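# Summary of structural features
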Amino acid sequence: MDTTLLLTGALVLALLLQFPLRNRRDGVSLQLAEIERRQRLIMDHLGIVDRGPALPGVRDHLARGDKIKAIKAYREATGVDLRTAKEAVEAIAEGR
């Protein structure tokens, strides 16, 4: 009985300790996203074009008009998700 109560208490305490950490990470992610958004606005306003890292194949695929292969190459080179890769490739295609 005492062991069960002790284990239950430890489990509840462990769960409670995880919530503030998770919220903190989410807050940091939101702050980072906001900083990146503002940076993009500033760069767009100033007309700065970020060529970004050398992405093997991405520009070649875009030059041939194959956007899907360009997105795939971007994902393989950077490891980002599909939506992020699509947005990045579209920005590259537009010259941003």
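Residues numbered from 1 in each chain as written. Predicted model: local features only at pLDDT ≥ 70, side-chain atom pairs only at ≥ 80, totals over all residues. Heavy atoms only, no water.

Time to look at the environment of I68. Looking at the element boundaries, I68 is found in helix α3 (residues 67–78). Owing to a relative accessible area of 68%, I68 belongs among the exposed residues under this scheme. The sequence separation of I68 and K86 amounts to 18 residues, and the corresponding C-alpha distance is 8.6 Å. (Helix = DSSP H or I, 4+ residues; strand = E, 2+ residues; numbered from the N terminus. Buried < 20%, exposed > 50% of the residue type's maximum accessible area, 1.4 Å probe, protein only.)

A word on the pattern of salt bridges. Following the criterion strictly, the structure yields 6 salt bridges and no others. A salt bridge links R37 to E34; the shortest N-O distance between them is 2.7 Å. Pair noted here: R37 and E34 are both in helix α1 (residues 2–46), with a separation of 3 residues, about one helical turn. Of the charged contacts, one joins E87 and R83 as a salt bridge, the two residues approaching to 3.3 Å between their closest N and O atoms. (Salt bridge = Lys/Arg side-chain N within 4 Å of Asp/Glu carboxyl O.)

Moving on, we come to a nonpolar patch on the surface. A grouping of I42, L46 and I48 is seen on the molecular surface, where their side chains present a nonpolar patch of about 300 Å² in accessible area. Tracing the sequence through the fold places I42 in helix α1. (Patch = residues over 30% accessible without salt bridge, like charges linked within 9 Å, V, L, I, M, F, W, Y side chains within 5 Å. Areas by Shrake-Rupley, 256 points an atom, 1.4 Å probe, with all protein chains shown as cover.)

A word on the confidence of the model for the chain. The share of residues in the chain with pLDDT of 70 or more is 70%, and the mean pLDDT across the chain is 80. Of all helices and strands in the chain, the one with the weakest mean pLDDT is α1 (74), whereas α3 scores best (92). (pLDDT = per-residue confidence, 0-100.)

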